[in-house]
Amino acid sequence: MMKPTDKKTRRVRDIRVLIACESSGVVREAFRALGHAAWSCDLLPTDDGSPYHLQEDCVKAVRGGSVFAVWDLIVMHPPCTAICVSGNRWYGIGMPKHAERIEAIRWTMELWELATRFCPRVAMENPVGTLPMKATQYVQPWQFGHGEAKKTGLWLHGLPKLQPTNILPLPGSGRWENQTPSGQNKLGPSTDRWKIRSKTYEGIASAMASQWGKQLADQGSA
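Reading the values: rules and limits
Within any chain, residue numbers begin from 1 and follow the written order of that chain's sequence. Per-residue local features of the predicted model are confined to residues with pLDDT of at least 70, and side-chain atom pairs are confined, for both listing and counting, to 80 or more; whole-chain, interface and lining totals are unaffected and use all residues. With hydrogens and water set aside, each side-chain value is computed from the structure's full complement of heavy atoms. Working definition: helices are DSSP H or I runs of at least four residues, strands are E runs of at least two. Numbering for both runs from the N terminus. In this scheme, a residue with accessible area under 20% of its type's maximum is buried, one over 50% is exposed, and one in between is partly exposed, where area comes from a 1.4 Å probe on protein chains only. Whether two residues touch is decided by their heavy atoms; if any such pair falls within 4.5 Å, the residues are in contact. The accessible surface values rely on the Shrake-Rupley method and a 1.4 Å probe; as for residues, cover is taken only from the protein chains in view. To estimate the expected span of a helix, subtract one from its residue number and multiply by 1.5 Å. Planes of paired rings set the category: under 30 degrees apart is stacked, over 60 is edge-to-face and the rest tilted, where pairs are Phe, Tyr or Trp rings (Trp by its six-membered ring) whose centres lie within 6.5 Å. Consider the ring centre and the ring normal. A charge sits over the ring if Lys NZ or Arg CZ is within 6 Å of that centre and within 35 degrees of that normal. The term salt bridge refers to a side-chain nitrogen of Lys or Arg lying within 4 Å of a carboxyl oxygen of Asp or Glu. When DSSP locates at least two bridges between a pair of strands, those strands are taken to pair. Only C-alpha atoms enter the line fits that serve as axes; for helices the fit covers just the stretch in contact. Angles between N-to-C directions range over 0 to 180 degrees. What makes a nonpolar core is a set of buried Ala, Val, Leu, Ile, Met, Phe, Trp, Tyr and Cys residues whose side-chain atoms join them at distances within 4.5 Å. By the criterion applied in these results, polar contacts are pairs of N or O atoms within 3.5 Å in which, for protein atoms, one can donate a hydrogen and the other can accept it, and in which residues neighboring in sequence qualify only through two side-chain atoms.

**Observations concerning the overall build of the protein**
Piece 1. Check the secondary structure of the protein and you find 7 helices and 7 strands.
Piece 2. Burial status across the protein gives 44% buried among its 222 residues.
Piece 3. Of the contacts formed within the protein by residues at least 6 apart in sequence, a portion of 55% connects residues at least 24 apart.
Piece 4. For the protein, the exposed area adds up to about 11,800 Å²; of that, 55% sits on carbon and sulfur atoms.

Put into structure tokens, the structure is as follows:
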């Protein structure tokens, strides 16, 4: 006779999760560690060489068909360079790259509308930016065990808000590990700075997998 835990585990493995616009594999691996059938997708190859990565247009992956016909959960990390407020001096109104911001907003909003049409549970992550849609919540790395600050918005569809798992106190210096005395990010310029900054913190990824994955598992075993 199959035990209840065996039945639940089998159903957890049937839960299909797409992590769109991710080449690091951090969020994908957090879900896979809990037994979910998670795949990442990006135009770039994955950093960790995992076979559970689709190197293709995320729009194609969201529509389904590459691996599964449909997804149970989609977590998206669309490019934020042109959208985030930190780029206002290049992409703001009257600036040389403002047209790129307008196009980036259009593309991101269309991706959101597509994902929420094809999937009952969608999360989109982006820094504080200029999207015409209010974030469901903002989270910080220091709420999830990392001694750093990076205010990040989460737009949620069919999902509960992410709950902090390990809130750290502000260091005695009055600033977080990744901040200069003025409060700015101290990561120096480099060709892959954008990639380093866009990588999801493992504590946040683990919270996504455990909290949203639990919802999926609970609904799957109902």
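**Observations concerning helix H5 (residues 98–118)**
Piece 1. Along its 21 residues, H5 runs 31 Å from first to last C-alpha, staying within 8% of the 30 Å computed at 1.5 Å per residue.
Piece 2. Every buried residue of H5 is accounted for by Arg101, Ala104, Ile105, Thr108, Met109, Leu111, Trp112, Leu114 and Ala115.
Piece 3. Check the buried side of H5 and you find it contacts helix H3 (58–63), strand S4 (73–76), helix H4 (88–91), strand S5 (122–127) and strand S7 (152–157).

**Considering the packing of aromatic side chains**
Piece 1. Per the counting criterion, the structure on display carries 3 aromatic pairs.
Piece 2. A cation over an aromatic ring shows up here: Arg32 above the ring of Tyr52, its NZ or CZ 3.3 Å from the ring centre.
Piece 3. Positioned above the aromatic ring of Tyr138, the side-chain terminus of Lys151 is 4.7 Å from the ring centre.

**Regarding the pattern of salt bridges**
Piece 1. Counted under the stated rule, the structure contains 7 salt bridges.
Piece 2. For the salt bridge of Arg28 with Glu29, the shortest nitrogen-to-oxygen distance reads 2.7 Å.
Piece 3. On the accessibility criterion, Arg28 (0% relative accessible area) is buried.
Piece 4. Note that Lys214 and Asp218 form a salt bridge whose closest N and O atoms lie 2.7 Å from each other. Within this pair, Lys214 and its partner Asp218 are both found in helix H7 (residues 202–220), separated by 4 residues, close to a single helical turn.
Piece 5. Connected via shared salt-bridge partners are Arg28, Glu29 and Asp48.

**Some words on the sheet that holds strand S1 (residues 16–20)**
Pairing between sheet strands relies on hydrogen bonds along the backbone, with the strands arranged either parallel or antiparallel.
Piece 1. Taken in spatial order, the 7 strands of this open sheet run S3-S2-S1-S4-S5-S7-S6, and their pairing is mixed. Edge positions in the sheet fall to strand S3 (53–55) and strand S6 (137–139), since each of these pairs with one other strand and no more. Between one strand axis and the next, the sheet turns by 20° as a mean value, whatever way the strands run.
Piece 2. Sheet topology note: the S1/strand S2 (residues 37–42) ladder contains 5 bridges and is parallel. The partner of Arg16 across the bridge, within S2, is Ala37.

**Details of the nonpolar core**
Nonpolar side chains in soluble globular proteins tend to be buried together.
Piece 1. One finds Leu18, Val62, Ile74, Met76, Val122 and Leu131 to be the most contacted residues of the largest nonpolar core, which totals 28 residues.
Piece 2. Within the residue set of this core, elements represented by two or more residues are S1, S2, H3, S4, H5 and S5.
Piece 3. Per element, the largest residue contribution to this core is 7 residues, and it comes from H5.
Piece 4. Setting aside residues no more than four positions away along its own chain, Ile74 makes contact with Leu18, Val62, Ala115, Cys119, Arg121, Val122 and Ala123.
Piece 5. Phe31, Phe144, Leu162 and Ala209 belong to the second-largest nonpolar core, a separate cluster that totals 27 residues.

**Remarks on the side chain of Glu22**
Piece 1. The topology assignment puts Glu22 in the loop between S1 and helix H2 (26–33).
Piece 2. Within polar-contact distance, the side chain of Glu22 engages the backbone nitrogen of Val26 at 3.3 Å.
Piece 3. In this view, Glu22 contacts Val27, Arg28, Ser40, Cys41, Asp42, His53 and His77; residues no more than four positions away in its chain are not counted.

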